Every structure is written in structure tokens, then in C-alpha cells.
Amino acid sequence: MKKKDTHPMICHKLASLSEEVIADTIKLIDFDQLEKIVDLLYQSHDIDIYGSGNSLLAAMSFQHKMMRIARNVNLKALHGEQVFLSYNSDKKRIAVIISYSGETHDLIQIAQILKEKKTPIIVLTSIGDNHLSHYADYILNIGSREKIFTKIAPFASQVSMEYLLNVIFSCIFQKDYDQNIQNKISYDKKNDSRHPLSSPVSD
């Protein structure tokens, strides 16, 4: 983005960036790893998710979606609480760690603790060799064109993180598709009164 860009130019550039980042991310997906990750999370009753900053925001959105299909995802916003959560982990729990750089000291510390606890670790991180990836049992790579917008916000990595988590959620949702759809419709009819019957967003 440039200083003299008009608002329409910014709109189009951000749209193009999102499309390109998602296209890049798809190319990085190891579908065998994805299938194993989805099966592991589907079978687990206790999923703990770790991150900081923008990674934590993406994790919160994932937690919210999973809650709506009766999946328990534990998320702590404070670093001290995340460390405490990792200390209480065991081999029956599943850990998801999100870090674009893979070099965040606090998350590497948590990964070390989780490895000692024999907790399976799923890592979402950038492509290439980084410290966090060495602790991973399963990896999905975050795509990035961050240099395009480096000076104002991490748009690219955020889009990629959210896309990967949406893919994971959708694959888990699909495994109990009929039940999840029915539960969602039933819940919305009883609790969601935001839209009138004639709303174009109504099913």
C-alpha cells in the first residue's frame, strides 16, 4: 500500500492480497498432515490452543466456532495462564500452537513443556526451519506476503492463519454434518431473533 492510494485502490489491493495469500496457503498444505490433524482433533475431548497477539485473535475465532459444535477448546489469554495450562497437560490432551515466526520465546517454552508431558503438538507456523517446528508432531504452514503491507499491519499472516483454522473447523464439522446442521438450525430458531422472516440472509 502506498501513501497516495485512494480508498478504492486500498479496497482492491486488500482483496487481491487475501486471494493471493489463500492461494499460496493452499499450495503449502500437506493434505496427509491435514487429514491426521482433523482426525486427531475430532477424536479428542480436550484441545488446548496457544498463541499470542494476532495468533491469539485467530485462535479465539476458532474456539468460538468449535464451541458451536460442542467441541471443547481451552484458550488462555494471559501468558502465565498458558504456561500453567501446559504444565497441567498430558498425553491425552492435544495442543495447537500458532506462531507465524516460530521463534516466539514464550511459545517455544510452552512447546518444551508439552513435549515433556508427551502431549501431541500441532503447530501452525511459517514455512522453513524455525525453533517451534522442531517440537511439532504435525505441521501446517502459514503463507505470507507480509512485505506488501509490512508497515501497517500483519494482514497476510492473519488471513492465512484464519483460513487454515477455518479449514480444520470445516473438516471437523463435516464428520458429523447432518447432526451439526440440525443442531445449528435448531439453536438459531430458538435463540437468534436478529433477522426478520423476510431478511435476505434467512435460510
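Before any of the text, the structure's been laid out above.
Quick summary incoming for the structure in this document. (Residues numbered from 1 in each chain as written. Predicted model: local features only at pLDDT ≥ 70, side-chain atom pairs only at ≥ 80, totals over all residues. Heavy atoms only, no water.)

### A look at the sheet that holds strand E1 (residues 47-50)
Part 1 of the argument: Pairing is parallel across the open sheet formed by five strands, whose spatial order is E2-E1-E3-E4-E5. Of all strands in the sheet, those with a lone pairing partner are strand E2 (73-75) and strand E5 (138-142), marking the two edges. Sheet twist, expressed as the mean angle between neighbouring strand axes with direction ignored, is 20°.
Part 2 of the argument: Note that E1 and strand E3 (residues 94-99) share four bridges and pair parallel. Bridge pairing in E3 links aspartate 48 to alanine 95. (Pairing = 2+ DSSP bridges. Helix = DSSP H or I, 4+ residues; strand = E, 2+ residues; numbered from the N terminus. Axes fitted to C-alpha atoms, helices over the stretch in contact; angles between N-to-C directions.)

### A closer look at the nonpolar core
Part 1 of the argument: Judged by nonpolar contacts, the single largest core of 31 residues is most densely connected at Leu41, Ile98, Leu124 and Ile168.
Part 2 of the argument: Here this core gets eight residues from one element, more than from any other, and that element is helix H6 (residues 155-175).
Part 3 of the argument: Counting 14 residues, the second-largest nonpolar core is a separate cluster that includes Leu107, Ala111, Leu114 and Ile121. (Core = buried A, V, L, I, M, F, W, Y, C linked by side-chain atoms within 4.5 Å. Buried < 20%, exposed > 50% of the residue type's maximum accessible area, 1.4 Å probe, protein only.)

### Some thoughts on the pairing of strand E4 (residues 121-126)
Part 1 of the argument: For E4, the tally of buried residues reaches six of six residues, placing the bulk of the element in the interior.
Part 2 of the argument: Here E3 pairs with E4 via five bridges, running parallel. Bridge pairing in E4 links alanine 95 to isoleucine 121.
Part 3 of the argument: As a crossover connection, the stretch from E3 through helix H5 (residues 105-116) into E4 is right-handed.
Part 4 of the argument: Here E4 runs beside E5; their pairing, made up of five bridges, is parallel. Bridging from a neighbouring strand, valine 123 pairs with isoleucine 139 of E5. (Right-handed = clockwise from strand over helix to strand, strands pointing away.)

### As for H5
Part 1 of the argument: With 12 residues, H5 extends 17 Å from end C-alpha to end C-alpha; this agrees with the ideal 16 Å at 1.5 Å per step.
Part 2 of the argument: Buried residues along H5 sit in contact with E1, helix H4 (79-87), E3 and E4.
Part 3 of the argument: Among the residues trailing H5, lysine 118 stands out with phi positive, at a value near 60°. (Expected span 1.5 Å × (residues − 1). Contact = heavy atoms within 4.5 Å.)

### Section: the pattern of salt bridges
Part 1 of the argument: In total, this model carries seven salt bridges according to the counting rule given.
Part 2 of the argument: We note a salt bridge from aspartate 39 to lysine 175, for which the minimum N-O separation is 2.9 Å. Placement of the pair is aspartate 39 in helix H2 (residues 31-43) and lysine 175 in helix H6, with a sequence separation of 136 residues.
Part 3 of the argument: For aspartate 39, a relative accessible area of 25% translates into the label partly exposed.
Part 4 of the argument: According to the relative accessible area criterion, lysine 175 is partly exposed, its value standing at 38%. (Salt bridge = Lys/Arg side-chain N within 4 Å of Asp/Glu carboxyl O.)

### Points about the packing of H4 against H5
A pair of packed helices is captured by two measures, namely the crossing angle of their axes and the spacing between those axes.
Part 1 of the argument: Packing of H4 against H5 brings their axes to within 8 Å, and their N-to-C directions diverge by 15°. Our classification of the angle between H4 and H5 gives roughly parallel. Read as a crossing pair, H4 and H5 show a hand that is right-handed. Residues His79, Gln82, Val83, Ser86 and Tyr87 of H4 lie in contact with H5, whose contacting residues are Asp106, Leu107, Gln109, Ile110, Ile113 and Leu114.
Part 2 of the argument: Split by residue class, the contact of H4 with H5 holds six nonpolar, four polar and one charged. (Parallel < 35°, antiparallel > 145°, perpendicular 65-115°, else oblique. Left-handed = near helix turned anticlockwise from the far one by under 90°. Nonpolar A, V, L, I, M, F, W, Y, C, P; charged D, E, K, R; others polar.)

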